[in-house]
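Okay, here's what each chain looks like letter by letter:
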Amino acid sequence: MNWWPLYYRLRDARYGTARHPWASLAAVLIVALALFLFGGFLVVSQTLSSLAALLEQQVNIRAFVAAGADADALARQARQIQGVRAVTVISREETFRRLAGVFAGRARLEAAFPDNPFPDSLKITVAGPAAVEPVVRALAAMPGIDEVVSGQEYAAGLLAGAAALRAAGTAVSLGFLGAAVLMVTVTMHLLILSRGAEIRIQRLMGVSDAGIRAQFLLEGGLLGAFGALLAGAALLLLVDRAALTLARLLPLGAVPDLAPLPALAAVLGTGTLVGLGASLLAAHLALGRERP
Amino acid sequence: MVGRSRLEIRLENVVKRYRPGDPPALDGVTLSVAPGEWVFIVGPSGAGKTTLLKLLYAAERPDSGRVLVDGTDVAAVPAFRLRRRLGIIFQHFELLPARTALENVAYGAEVLGVPPREAAARAREMLDLVGLAGKMDRFPSELSGGEQQRVAIARALVNRPQLILADEPTGDLDPENADHVIRVLDTVHRQWPATVMVVTHAADLVSRLERRVVRLERGRVTADYRGGYSPPGRDLPASGLPAPGPAQGASGP
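Residues numbered from 1 in each chain as written. Chains lettered and ligands numbered in written order. Predicted model: local features only at pLDDT ≥ 70, side-chain atom pairs only at ≥ 80, totals over all residues.

S.K.: Give me the lowdown on the overall build of chain A, citing residues and values where you can.
M.R.: Broken down by element type, chain A carries 10 helices and 4 strands. Ordered by position from the N terminus, the helices and strands of chain A form the series α-α-β-α-β-α-α-β-α-β-α-α-α-α. Taken over C-alpha atoms, the radius of gyration comes to 30 Å for chain A, far larger than the 19 Å a tight globule of 292 residues would show. Reported as C-alpha extents along the three principal axes, the dimensions of chain A are approximately 95 × 45 × 30 Å. Burial statistics for chain A: of 292 residues in total, 37% are counted as buried. Sequence-distant contacts, at least 24 apart, represent 88% of the contacts inside chain A between residues at least 6 apart. (Helix = DSSP H or I, 4+ residues; strand = E, 2+ residues; numbered from the N terminus. Rg over C-alpha atoms; globule rule 2.2 N^0.38 Å. Buried ≥ 20, exposed ≤ 12 C-beta atoms within 10 Å, placed from the backbone. Contact = placed C-beta atoms within 7 Å.)

Okay, structure coming up:
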């Protein structure tokens, strides 16, 4: 196979971009910015989804006992529900003690709430994630149970949040990607117009139109790929920081897996496609008018 | 020098209009050029000389009639395939200012994927052929007009074309350089078995070489001289060449 054409194309790409370094840099940066936003939204919505999945795996349910109800009697009742493995009564005193334990100014907390405002509660462990929902329904139907809280409720909220974020992210990313396509198109158009003499010579020497366009597709693809690499690096940094922050903030005992690889692959692929698409458009606009 | 087969050219009743309703740029031109033959195409501005050349390198298509290069209808093959067998030279040299003479010539081979070493070797050979062996590393801005045109000729020859088409190759040059460029083309033609077609206004150069001269006027072939004529002035008169008798291989009124 003759690799020299590729060598010449890469060499000409270097010459070409060097002629308009600022336009090329601006194109790379706008691609990087658009893809960073795109990838950022992808990572955040993915994280929320995996957080929701994590919550859905939780098998603990908390049921708060209504004022005046007998917590021990309710616990006995709860043990009869199908799918319940264990029930522990946590008294209102215990809840207050646990809460106060995490505050440095415990004395002040006790002074502020001389009458413990917390209700008694039941900590219910179920056999598996599938049993959470029916057990929650059964508990909620029991007289004397005020409120039932499970991780799956939060999961549903998170999933809804992730979906909303995905929609907003898609709209914002599309806007920025459109701007990136426009910028790369303008840059490639400039690069093509500045090489009118080379293009005329190539046509006269017998280079096909497809061969001429391939040069600019390569250059546009490279601009897009460079922008995508920049965005990918920034995204990795963001994911690294986000993982640390989540580990500090989330009281879940486990941080959801921030897997940036799918987002990175999407960013790199999209960047290259943006470059290729924009240069195809620029080549169509510029070379369509060219006469041999 | 590598010998290769030369191309025959035939135009059969070719008509070309740029816009409907306009007078034709070429109006029923029929012309044959034998393999290895050198033909000057002369005539006043707007006579259709450049259009004729454009049809030969497929930059334009005829409205009717056929343009045959080496027996193949130009309309039936992709333009780029045809052009790989041609060497095309223009009045404006179309050199790349940021490249040296050697790089400009080698570029003509590189764009077709010739490896760098071979492209450079071919470029040196061609620059030597056009008498620029000592100026290979000069940039176009460091060369005279005539030298720049010789670089352009070397680039047109670098892929060993079988048909050389030159459109006013001396149009931008003073008489001395114009003479030099035509002598270079003549030297090339003597060593290189290619068919050559040169469009020009320079009557004195045409008369000196004693080659076939085809005269076009208003898109028609009005005369076809096969060597040896003396134009009355320095430039060919708009009214036509001295009549040598009936045109050979020509059509028209």
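From this point, the narrative continues.
S.K.: For the confidence of the model for chain B, give the residues involved together with the corresponding values.
M.R.: Residue and element names in this part refer to chain B. With 87% of its residues at a pLDDT of 70 or more, chain B has an overall mean of 86. In this model, residues 232-253 is a region of pLDDT below 50 whose contacts with residues beyond four sequence positions or in other chains number 45 contacts. In the predicted assembly, ipTM is 0.84 and pTM is 0.72. (pLDDT = per-residue confidence, 0-100.)

S.K.: Outline the nonpolar core, supporting the account with residue identities and numerical values.
M.R.: Inside soluble globular proteins, nonpolar side chains tend to come together where they are buried. Within the largest apolar cluster, 87 residues are counted, with the highest numbers of intra-cluster contacts made by B:Val105, B:Leu127, B:Ala154 and B:Leu165. Each residue touching B:Leu127, except ones within four places of it in the same chain, is listed here: B:Ala101, B:Leu102, B:Val105, B:Leu132, B:Ala133, B:Met136 and B:Ala154. Core analysis: the next-biggest nonpolar cluster, separate from the first, contains 49 residues, A:Ala23, A:Phe38, A:Val267 and A:Val274 among them. (Core = buried A, V, L, I, M, F, W, Y, C linked by C-beta atoms within 7 Å.)

S.K.: Give a description of the sheet that holds strand β6 (residues 86-89) of chain B that names residues and reports values.
M.R.: All names here are of chain B. The strand order across the open sheet built from 6 strands is β6-β7-β8-β3-β9-β10, with neighbouring strands paired in mixed fashion. Lying at the two open borders of the sheet, with one neighbouring strand each, are β6 and β10 (220-226). In this sheet, neighbouring strand axes are inclined to one another by 15° on average, regardless of whether the strands run parallel or antiparallel. Here 6 bridges tie strand β9 (residues 212-217) to β10, and the two strands are oriented antiparallel to one another. (Pairing = 2+ DSSP bridges. Axes fitted to C-alpha atoms, helices over the stretch in contact; angles between N-to-C directions.)

S.K.: Pulling in residues and values, what's your account of the environment of B:Gly48?
M.R.: Residues and elements named next belong to chain B. Within the secondary structure layout, glycine 48 lies in the loop between β3 (38-42) and α1 (49-56). Taking the C-beta count within 10 Å as the criterion, glycine 48 has 24 such neighbours and is therefore assigned buried. A C-alpha to C-alpha distance of 6.8 Å links glycine 48 and leucine 216, two positions 168 residues apart in sequence. What glycine 48 contacts, discounting residues up to four positions off in sequence, is Ala25, Leu26, Leu216 and Gly219.

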